[in-house]
Amino acid sequence: MDAFSAYPIKKHVKLLNRFPSIREFRPSDSRQAGWILYGLHISPGSLDDLSFLLGERVFPLTGWTVGPYEVLLMRGELTPEVVKLCDALALDCASLENIPNLYEPGLALFDMDSTAIQIECIDEIAKLAGVGEQVAEVTERAMRGELDFEESLRQRVATLKGTDVSVLEQVRDNIPYMPGMKQLTASLQARGWKVAIASGGFTWFSDKLKEDLSLAYAESNQLVIENGKLTGEVAGSVVDAQRKADILLDLAESYELMPANTLAVGDGANDLVMMSAAGLGIAYHAKPKVQQAAQVAIRHADLGGVLCVLSASLLPQRLSW
């Protein structure tokens, strides 16, 4: 599978062999379901462990695959206790509430740094400029929600004054995409979804993502450059938490999409307003504060986990055995 191939969503005989009871699934059984369990491999032993620890039998109603991932539809309610146990087993889970419909056009809005890509671009620029530790400390505090985002951004950018534009080029030309981002984008676009970036980072990098992934839209902050060097300033207003939410709502309106069929994915406190504005907000490998506030938290899977969650909207008609 090349990097831009969409993940197939389908029934798979390996799950049927491992969990024979799913052969009995009927579409009407989906009314008993309340959550999904997903991971690269789900063993019967993991369900046995869940059953033992919960003191009640845990078994799947049905199951399917999403690219390399296995997804099981589970009976009952997803409780905080179940979430903790799944996490201990290195598996992800999600409630079936508020999942956007993959049958209909939708919008997926992503944070960029540490969500769509593996790095914080400002930290990488700072390392090459010799102020890495100073900037990384402020970035971490901002991600935890301890500092006002705009203030922290301007403070960090000020330390980059005098940095040559070649440093930006070096970071841009070596951006490491988050595993699963390219496949997830292709999968959503194949179903008529718009995919976009709303970032407190910088246009140097979000513009590259927009081009590489054929995104519908990308908005971030613009660094001021004079005579080939950073001035230590950001042009115009900053893309902060509220602006990210406004981007989501504006795009949904412009594409005539129902708010319920929008998705926001992020990892920091600055993403919470955007995630709350979306039909479904997903915290991706996020700080504890963000995980607790989000409707869904992906702790172990790569970004393919987003499609695992959305795939539950295809039930019951298309994935019944």
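See above for the structure.
Residues numbered from 1 in each chain as written. Predicted model: local features only at pLDDT ≥ 70, side-chain atom pairs only at ≥ 80, totals over all residues. Heavy atoms only, no water.

Caption draft 1: Representation of the packing of helix α4 (residues 121–129) against helix α7 (residues 165–172). At a closest axis distance of 10 Å, the pairing of α4 and α7 adopts a crossing angle of 130°. As far as their axial angle goes, α7 and α4 are oblique. When you trace α4 past α7, the crossing you get is right-handed. Of α7, the residues touching α4 (which contributes Glu-124, Ile-125 and Leu-128) are Val-167, Leu-168, Gln-170 and Val-171. Taken together, the residues of the contact of α4 with α7 break down into five nonpolar, one polar and one charged. (Axes fitted to C-alpha atoms, helices over the stretch in contact; angles between N-to-C directions. Helix = DSSP H or I, 4+ residues; strand = E, 2+ residues; numbered from the N terminus. Parallel < 35°, antiparallel > 145°, perpendicular 65-115°, else oblique. Left-handed = near helix turned anticlockwise from the far one by under 90°. Contact = heavy atoms within 4.5 Å. Nonpolar A, V, L, I, M, F, W, Y, C, P; charged D, E, K, R; others polar.)

Caption draft 2: Structural context of the sheet that holds strand β6 (residues 107–110). Taken in spatial order, the seven strands make up an open sheet running β9-β8-β7-β6-β10-β11-β12, and their pairing is mixed. Each end of this open sheet is capped by a strand with a single partner; those strands are β9 (229–235) and β12 (296–298). Taken pair by pair, the neighbouring strands of this sheet meet at an average axis angle of 25°, ignoring direction. With four bridges joining them, β6 and strand β7 (residues 194–202) adopt parallel strand pairing. Residue pairing in the sheet places Ala-108 in a bridge with Val-195 of β7. Set on the sheet, helix α6 (residues 149–158) makes contact with β7, β8 (217–226) and β9; between it and β9 the angle comes to about 165°. (Pairing = 2+ DSSP bridges.)

Caption draft 3: Quick peek at the packing of aromatic side chains. All told, the structure shown has zero aromatic pairs when counted by the stated rule. One Lys or Arg, Arg-57, reaches over the ring of Phe-59 and ends 4.2 Å from the middle of that ring. (Phe/Tyr/Trp six-rings, centres within 6.5 Å; stacked < 30°, edge-to-face > 60°. Lys NZ or Arg CZ within 6 Å of the ring centre and 35° of its normal.)

Caption draft 4: Main features of the layout of surface pockets. Of the volumes computed, that of the largest pocket is approximately 370 Å³. The wall of the largest pocket is formed by 17 residues, among which Leu-78, Val-83, Ala-294, Gln-295 and Val-296 lie closest to the centre. Taken together, the elements giving at least two residues each to the lining of the largest pocket come down to α3 (80–88), β5 (92–95), α12 (288–293) and β12. A total of four residues in the lining of the largest pocket trace back to one element, the largest contributor, which is α3. Residues of the lining of the largest pocket, tallied by class, amount to eight nonpolar, five polar and four charged. Its volume calculated, the second largest pocket comes out at about 230 Å³. Around the second largest pocket, the lining comprises 13 residues; the ones closest to its centre are Glu-56, Arg-57, Val-58, Arg-75 and Gly-76. Counting only elements with at least two residues in the lining of the second largest pocket, the list comes to β4 (69–75) and α3. (1 Å grid on protein atoms, 1.4 Å probe; cavity = no way out; pocket = protein on both sides within 12 Å on 5 of 7 lines; lining within 4 Å. Points joined across faces, edges and corners; volume = space filled by probe spheres on them.)

That's the geometry; what it means functionally is another story.
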